[in-house]
Structures are given as C-alpha cells and as structure tokens.
Amino acid sequence: MIGAALVATAPVAPAAAPAPADQVEDYYQGAIGKTGPELEAALHGIISNGVTTLDYDQVWDALKATDEDPANPANVVLLYTGRSQSKDSNGGDADDWNREHVWAKSHGDFGTSPGPGTDVHHLRPTDVSVNSTRGSKDFDNGGTEVGEAPGNFTDDDSYEPRDEVKGDVARMIFYMAVRWEGEGGFADLELNDNVDNGSAPFMGRLSVLRQWHEQDPVSESEQRRNQVIFDQFQHNRNPFIDHPEWVAEIWR
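Here the structure is a predicted model, which means the values were calculated and not measured.

Trainee: How should the pairing of strand 2 (residues 72–77) be read in this particular structure?
Mentor: The side chains of a regular strand alternate, first on one face of the sheet and then on the other. Where strand 1 (residues 68–69) lies against strand 2, 2 bridges are found, and the strand directions are antiparallel. Paired with E68 across the strands is V76, a residue of strand 2. Of the strand pairs in this sheet, strand 2 and strand 3 (residues 84–86) are connected by 3 bridges, and their pairing is antiparallel. Its bridge partner lying in strand 3, N75 is registered against S86. Linking two consecutive strands that pair antiparallel, namely strand 2 and strand 3, is a turn of 6 residues; a positive phi of about 75° is found at G82 within it.

Trainee: Is there a simple way to explain the packing of helix 2 (residues 36–47) against helix 5 (residues 166–179) in this structure?
Mentor: For any two helices packed against each other, the geometry is given by the interaxial angle and the distance between the axes. At their nearest, the axes of helix 2 and helix 5 sit 8 Å apart, and the two run at 90° to each other. One element, helix 2, and the other, helix 5, form an angle in the roughly perpendicular class. For the pair helix 2 and helix 5, the contacting residues are E40, L43, H44 and I47 in the first and Y175, A177, V178 and R179 in the second. Taken together, the residues that form the contact of helix 2 with helix 5 break down as 5 nonpolar, 1 polar and 2 charged.

Trainee: Where do I start with the sheet that holds strand 8 (residues 149–154) in this structure?
Mentor: Across the sheet, which stays open at both edges, the 4 strands sit in the order 6-9-8-7 with mixed pairing between neighbours. Sheet topology places strand 6 (138–139) and strand 7 (144–146) at the edges, where each strand pairs with a single neighbour.

Conventions adopted
- Every chain begins its residue count from 1, and numbering advances along the sequence as written.
- Two thresholds apply to this predicted model, a pLDDT of at least 70 for residue-level local features and 80 or more for giving and counting side-chain atom pairs, whereas whole-chain, interface and lining totals are computed over all residues.
- The side-chain numbers reported here are obtained from all heavy atoms of the structure, hydrogens and water having been left aside.
- For two strands to be treated as a pair, DSSP must find no fewer than two bridges joining them.
- Secondary structure elements follow DSSP: runs of H or I of four or more residues count as helices, runs of E of two or more count as strands, with numbering from the N terminus.
- All axes are obtained by fitting lines to C-alpha atoms, using only the stretch in contact for helices, and the reported angles, taken between N-to-C directions, cover 0 to 180 degrees.
- Roughly parallel here means an angle under 35 degrees, roughly antiparallel means over 145, roughly perpendicular means 65 to 115, and every remaining angle is called oblique.
- Any pair of residues with heavy atoms lying within 4.5 Å of one another is described as a contacting pair.
- All amino acids are sorted into three groups, where Ala, Val, Leu, Ile, Met, Phe, Trp, Tyr, Cys and Pro are nonpolar, Asp, Glu, Lys and Arg are charged, and the leftover types, Gly among them, are polar.

The values are spatial; any link to function lies outside them.
This is how it looks when you write it as structure tokens:
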C-alpha cells in the first residue's frame, strides 16, 4: 500500500476553509489535460502519494473534525439522517453514532485494518441503527422509506440516501474506485451497474451514482471536509470534489 506509517494525531484545529484554487491546481498538475484511463491513472498516483494512514481507533477522532457541525462545534452531523449530535455520543448503543463505510467493507473484504477500511474520505458518522439498515447494500433509487431517516429508502439489495447527500455518496464511491487499485494485498475496487455485488470488490449502481453526482453538486461542507482531511489527517484529496467534471471523463 502506498502511504506513510501510522502517524496521524487527534484533531487540534477547527474545520478548515476550502483550499485556494492555486493550491488545488498545483496538487493536480500531473492530471491536467488527461482523459479516460490516463486521467484515472494520473489521479491514482496523485492521491496515493505521501498519504498518512490512520488506524481504526484514530478514525473516531478524525470524524469529529471532518464532520463537525459548523453551527455547534461540540457536535457532528450524521450522514443519512442529517442530525446534529454530540461528538461524545459515539459508540454501539441505539441512537449513538458510529463509523459508516460508504464503500461497504465487505465489497472487497478489506475490513477495518489500516488501508481502505480506515480511509476517512469514505467514512462518515451515522446513526447506529440506520447504519445497520444500510448494511452492505449497493446504492440505487427506490424502496421503502427508512423510518428513522426520512428521505432515505431501502429494499433488499440497495439503499438510497436523502437528496442532500446523494452527490456526496457518489463522489466518495468514485474516490474509492480510483484510490484503491489492488496495492498492499487489498482488492482492486471497481464500479459496475449492478446492485447484487455481495463480497465482490465492486459497488453499484454506476449509472445512478452518476445521476446523483449531477443532481447534487459539490457543497461547501464537502469542500471543507476535503480540506480538513488534506490538512490534518491523510494529506490527500478527493479529486471529484475539486474537479467534478472528471467523473464524466473517467466513467463515460
């Protein structure tokens, strides 16, 4: 696996502002002007270089910084419910918040060892029972509304998040497919258009994720989160937050 040793520390600074445009462009200099597989390969090299890898315990502290509620610094905002909740109420009990793997860790069987299972770009605080309802399902439209998370829907093989974070989910999935290409003994994560991927290293449904990416553009909170991860934790970025147009250049 490309990256540095486990040297991440607990957050000590408030959430950062989005990065200056020139800093972002310098970071992606090796990808500018490329398309298709060449762009994907260039981005993989960029976002895999010089990365600090967290362990699973350090993820708790990271999420308290990356998902801090800007209206209440003592709280985090939960991904699927949108609820603002005390940072200290993390755990495994009902109505606690825990660590959701947006790219389900069973899709590639990477678990929670340092690597894709601890990559904060796709880890988010979620209500414990809502996390359980999502489980390891692929993403798609439709199903029955989730009682504890209005605006979210689920059926036997898929999960649909609320409209406000559909694009966030899509861009996290796109990041994972480019970041994790089989190094370090981990699976090569790829996207497909299925919703029955099981333990295979695939996530879907690609066509729907692309729609969500277009329908829910990058928000200021995503930009801020991206910058906190870059500045304080992993020191890499999600390119599809910084350059949303690259989605169409890679997945045509």
